[in-house]
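Commentary on secondary and tertiary structure
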Amino acid sequence: MKNIFFTRINGSGIEHYRTLFQNVDTKYAALIFSDANIIPFDQEFEYFLETLNVDICYSDFISISDNKPKRVNLCEYQFGSVRDDFDFGFCVIIRTDAAKKALKQLSDDIKLAGFYALRLQIAANGGKIVHIPQPMYTVCKSVNDDFESKNFSYVDPKNRNYQMEAENVFTNYLKFIGAYLPERTLAIENFDNKVAEFENFISVIIPVKNREKTIGDAIRSALNQQTNFKYNVIVVDNHSTDNTGLEIKKILTENPDKLVHLIPTDLHLGIGGCWNFAVNNPKCGAIAVQLDSDDLYIDQNVLQKIANKFISDKCAMLIGSYQLADFNLNPLPPGVINHSEWTQENGHNNALRINGLGAPRCFFTPLLRQNPLPNVSYGEDYAAAIKITRNYRLSRIFEPLYVCRRWVGNSDNNPSQDTINKNNFYKDFLRTVEIESRRNINNL
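Residues numbered from 1 in each chain as written. Predicted model: local features only at pLDDT ≥ 70, side-chain atom pairs only at ≥ 80, totals over all residues. Heavy atoms only, no water.

**Some thoughts on the packing of helix α4 (residues 114-124) against helix α6 (residues 160-177)**
Two packed helices can be described by the angle between their axes and the distance between those axes. Between α4 and α6, whose axes approach to 10 Å, the crossing angle comes to 10°. Compared by their axis directions, α4 and α6 come out roughly parallel. Contact residues: Tyr-116, Ala-117, Leu-120, Gln-121 and Ala-124 in α4; Tyr-162, Ala-166, Val-169, Phe-170, Tyr-173, Phe-176 and Ile-177 in α6. Looking at the contact of α4 with α6 residue by residue, the class counts come to 11 nonpolar, one polar and no charged. (Axes fitted to C-alpha atoms, helices over the stretch in contact; angles between N-to-C directions. Helix = DSSP H or I, 4+ residues; strand = E, 2+ residues; numbered from the N terminus. Parallel < 35°, antiparallel > 145°, perpendicular 65-115°, else oblique. Contact = heavy atoms within 4.5 Å. Nonpolar A, V, L, I, M, F, W, Y, C, P; charged D, E, K, R; others polar.)

**What about the pairing of strand β11 (residues 287-290)?**
Side-chain alternation along β11 places Ile-287 and Val-289 on one buried face and Ala-288 and Gln-290 on a second face that is also buried. Relative to β11, strand β8 (residues 202-208) runs parallel, the two sharing four bridges. Its bridge partner lying in β11, Ile-202 is registered against Ile-287. Bridge count for β11 against strand β15 (residues 361-364) is three bridges, and the pairing is antiparallel. Bridge assignment links Val-289 to a residue of β15, and that residue is Cys-362. (Buried < 20%, exposed > 50% of the residue type's maximum accessible area, 1.4 Å probe, protein only. Pairing = 2+ DSSP bridges.)

**A word on the environment of Gly-11**
With respect to the helices, strands and loops of the structure, Gly-11 is situated in the loop between β1 (4-8) and α1 (14-22). Residues contacting Gly-11, with those up to four places away along its chain left out, are His-16 and Tyr-17.

**A look at the pattern of salt bridges**
This structure, assessed with the given rule, holds 19 salt bridges. Residue Asp-217 is joined to Arg-405 by a salt bridge in which the shortest nitrogen-to-oxygen separation is 3.0 Å. Of this pair, Asp-217 sits in helix α8 (residues 215-223) while Arg-405 sits in strand β16 (residues 394-405), and the two are 188 residues apart along the sequence. Owing to a relative accessible area of 4%, Arg-405 belongs among the buried residues under this scheme. Salt bridges here are not isolated pairs; linked through shared partners, they connect Arg-83, Asp-85, Asp-428 and Arg-431. (Salt bridge = Lys/Arg side-chain N within 4 Å of Asp/Glu carboxyl O.)

**Considerations on the environment of Ser-12**
Looking at where Ser-12 falls in the secondary structure, it is placed in the loop between β1 and α1. For Ser-12, a relative accessible area of 30% corresponds to the partly exposed category. Considered as a pair, Ser-12 and Tyr-28 are 16 residues apart in the sequence and their alpha carbons are 20 Å apart. Apart from the residues within four sequence positions on either side, Ser-12 is in contact with Tyr-17, Lys-111, Leu-112, Ala-113, Gly-114 and Phe-115. Within the structure, the side chain of Ser-12 is placed 2.8 Å from the backbone oxygen of Lys-111, a separation counted as a polar contact. (Polar contact = N/O pair within 3.5 Å; in protein donor to acceptor, adjacent residues only side chain to side chain.)

**Section: unusual backbone geometry**
Of note, the bond from Pro-333 into Pro-334 is cis; its omega dihedral lies within 30 degrees of zero at 5°. Its place among the elements puts Pro-334 in strand β14 (residues 331-337). The peptide bond linking Ala-359 to Pro-360 adopts the cis configuration, its omega dihedral lying at 0°. Looking at the element boundaries, Pro-360 is found in the loop between α12 (347-350) and β15. Positive phi, close to 55°, is recorded for Asn-190, a residue that is not glycine.

**Some words on the packing of helix α3 (residues 96-105) against α4**
Packing of α3 against α4 leaves a shortest axis separation of 9 Å and a crossing angle of 105°. One element, α3, and the other, α4, form an angle in the roughly perpendicular class. Contacts between α3 and α4 involve Ala-98, Ala-99, Ala-102, Leu-103 and Gln-105 from the first element and Leu-118, Gln-121 and Ile-122 from the second. When the residues that make up the contact of α3 with α4 are grouped by side-chain class, the tally is six nonpolar, two polar and no charged.

**Details of α6**
Compared with an ideal rise of 1.5 Å per residue, which puts 18 residues at 26 Å, α6 spans 26 Å between its outermost C-alpha atoms and is within 8% of the ideal. Within the sequence span of α6, burial applies to Gln-163, Glu-165, Ala-166, Glu-167, Val-169, Phe-170, Thr-171, Tyr-173, Leu-174 and Ile-177. The elements touched by buried residues of α6 are α4, α12 and α15 (417-441). Looking at the residues trailing α6, positive phi occurs at Gly-178, about 80°. (Expected span 1.5 Å × (residues − 1).)

Set out below in structure tokens:
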């Protein structure tokens, strides 16, 4: 491949990339992010590069481990693919002149997030990023399928220095493209008067489908809360086919005044649709608080802590923290997920970079009724959070409020690569829409 220079990446800072591209005299450089053996396929790379006139190119690949080949399909790139953990695979080809232009625009202070800064700047300069949806090389190495460690790497304390640098890189990118927003301080006007219109101050919302083993624990942990205000628990049974409904009815006979059992007439609702169904019910309280049907509150004081924070901050949305555990409630690594990276000054911007904002999610009901969740079962809460933080302040509680179970029946348990790609593509789409919305706020 006469027009492509292949090189292994053994550094992480901008200076490493500057030195690398200063020594490239070909039209393209293929960056290899592995010490494994990479075998490209004939001349097809060059054909696609020239025909499509790309600035960054990546492709699907074949992974060989224990003499067994496995095709790895990667996610399509879009304008909102700005998360720093976007998976480009093991080989990324970059047009040399595009890289050199971008590197001149970047700070020498970037020591850990060099590639992230480089590809964002190329994109900001109008660079064309193309995914080739066919295997273009073979990697003689097993692919890490540890979804849990990847999924929570951005909150792992050992990655804190990188995350801080990546946030700074991303913030500068938002400023460059006109999507940066200053600190959001807007609170709910006439909060007390609006709350007084509701019979209950808080409603715990539990959407559920086929969770007969865990729904009882979840409901009871909500019903056992100690508060100085009225609250209820709304369970939306999304047409379960196991004994979930029987479990709910059993608890309902014991708590007829505090437990609300809803079954939607629609058969096409995702988790977001179930939330909208509950929030628009007349029995919903002024604050809608999330609890998944697999999980349970960490003690009896959770709702009181949430209420106190809403009262003090008059916030539109609040997010707490949680403890990862197995089915028997034994702690799992990385432990408490508290999103300590969040700052009031820049959290609403950094939210577009990271994979999630945490849990439990709690919403001011009148605002959520005006801004319904998308009718999906993944990313519905993320969609609401980035939309709300476009204008309103988001408050946080950094101590764990509930226990998040990881077990074989959990929807997050060991998803397939296709599911991961589908979920990531959807969140990138949400980021695409949100970035454009924020550019519109800035009249760009």
